[in-house]
Amino acid sequence: MAELAVRGGAPVRPQGYPAWPVHDERDAEAAARVVRSGRWGGFPEPGPLAAEFAERFAAYQGSRHGVVMSNGTVTMEVALKALEIGWGDEVIVPALTFSATPYAAMAAGALPVFCDVAPDTLTIDPDQVEAAVTSRTRAIMPVHLGHQMADMDRVTEIARRHSLAVVEDCAHAHGQRWRDRGAGSFGEFGSFSHQSTKLLTAGEGGSLLTDQEQLARRAHSLIDCGRPKDPDEKQYTFGANYRLGELHAALLLLALERFPAQQAERAVAGRRFQELAAEVPGVRLLPPDPRISRWSFYRYILLIEPEAFAGAGNERVCEALEAEGVGAWVGYEPMSRYDLFQPALSRLPVAVEHASRLDPGTMSFPVAEDAALRRTVYLDENVFRAGQRGVEDAVEALAKVQRHADELAGGSS
Ligand SMILES: Cc1ncc(COP(=O)(O)O)c(C=O)c1O
């Protein structure tokens, strides 16, 4: 008889993990208050609740200004446009991230130039960044992936030396701190997503943080159809409506109140998980960079060795973990797999001299490809919101899948 739940055996955790997002009557009341107020939208921009959330969240991350908008993709597009980055410019992006990061560069009119990631963190490899800089490079967009942060010491140093802007993609990094400085506060802009799975959510939404008042004003203008936000400034030609409504802002304010306790709980559980999971054969942990001084993670990313799982890759292992009751996902594909970024498929008007930098035939990211296509397992945040037992069950599920990996019939996947 099969042992693994994916083959009909009894699951390790039939009750699953706590639901996300967390909510209670206060959220319903806050939404009802907005409805009754008649002030639903984001116009005039910003709405009062949007402004209150933006200020509080910026202060929590340690930035001077916050601008909220409709999601964590347009945040990055707006950041680049506010920096006047566009046609003919290059923006350096890691080869392992959600498509939103390079998409934002393209939406601003710039060319994303991909760099492989570092094997110990799966975040952008600073040596590759250094090698990718050309006279056209204008910005670096590090992504704080999973439970890690990009090496902000090296990224900011390279940016300073080459006079490049830094736009941090912090969609996974609400609450993270590097050497006691908040994610999103290192460069010109920090971008956060408030989409439904993210750590600070209203279902949809995004925050852009900056220390520079003028950049904040430009961002406000760009998301408000180009309306001038400063008496001395003219109307922006490329402004669009990316405003966030007040219903979302009301929910974000409550989410922010709950956030510090959730962050602390996940950090404790994450450390316990690492101690226990270190004993599971075939599992490689990527401990958080020691310079991360407050650990706040969206997904915990571990690597499996397919050889220790009877040749099964991350896809089969994630299926098996899900069946055991543990939320697990293989994660993002490497950028060399995305049609969107391949000129031959996307019909992107890429200048010939640039073409080889986006050509799938020449794009090669050995670290990102090996990790993403065979090894990465992203564990859901709720595994770390279920006490000691929640973590023990997740480790038992991993160990069980490894012990009975022969039931995951077939070669690698
Ligand atoms: C790394 C990363 N960047 C950007 C985004 C885009 O955020 P949004 O879905 O709010 O547009 C996401 C998530 O969706 C993400 O995971």
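Residues numbered from 1 in each chain as written. Predicted model: local features only at pLDDT ≥ 70, side-chain atom pairs only at ≥ 80, totals over all residues. Heavy atoms only, no water.

**Examining the nonpolar core**
Move 1: In terms of nonpolar packing, the biggest core is built from 80 residues, with F273, L302, L321 and L379 touching the most fellow members.
Move 2: The contact partners of F273, leaving out residues within four places of it in the chain, are L285, Y300, L302, L379, F384, V391, A394, V395 and L398.
Move 3: Within the second largest apolar cluster, 50 residues are counted, among which are V74, A165, F341 and M363. (Core = buried A, V, L, I, M, F, W, Y, C linked by side-chain atoms within 4.5 Å. Buried < 20%, exposed > 50% of the residue type's maximum accessible area, 1.4 Å probe, protein only. Contact = heavy atoms within 4.5 Å.)

**Focus on the sheet that holds strand β2 (residues 90-94)**
Move 1: The strand order across the open sheet built from seven strands is β1-β9-β8-β5-β4-β2-β3, with neighbouring strands paired in mixed fashion. Each end of this open sheet is capped by a strand with a single partner; those strands are β1 (65-69) and β3 (111-115). Looking at each pair of strands side by side, their axes are set apart by 25° on average, direction ignored.
Move 2: Contacts from helix α2 (residues 48-61) reach β1, β8 (189-193) and β9 (206-210), with the element oriented near 130° to β1.
Move 3: In the packing of helix α4 (residues 100-107) onto the sheet, the strands contacted are β2, β3 and β5 (165-169), and the crossing angle to β3 comes to about 150°. (Pairing = 2+ DSSP bridges. Helix = DSSP H or I, 4+ residues; strand = E, 2+ residues; numbered from the N terminus. Axes fitted to C-alpha atoms, helices over the stretch in contact; angles between N-to-C directions.)

**Observations concerning the site of the ligand**
Move 1: In the region of the ligand, 16 residues are neighbours, and T73, D169, S193, K198 and Y332 sit closest.
Move 2: In the model, an oxygen atom of the ligand is placed 2.5 Å from a nitrogen or oxygen of the T73 side chain.
Move 3: In the complex, the protein chains occlude 92% of the 380 Å² of accessible area that the ligand would expose alone.
Move 4: Across the shell around the ligand, the residue classes break down as six nonpolar, eight polar and two charged. (Near = heavy atom within 4 Å. Polar contact = N/O pair within 3.5 Å; in protein donor to acceptor, adjacent residues only side chain to side chain. Areas by Shrake-Rupley, 256 points an atom, 1.4 Å probe, with all protein chains shown as cover. Nonpolar A, V, L, I, M, F, W, Y, C, P; charged D, E, K, R; others polar.)

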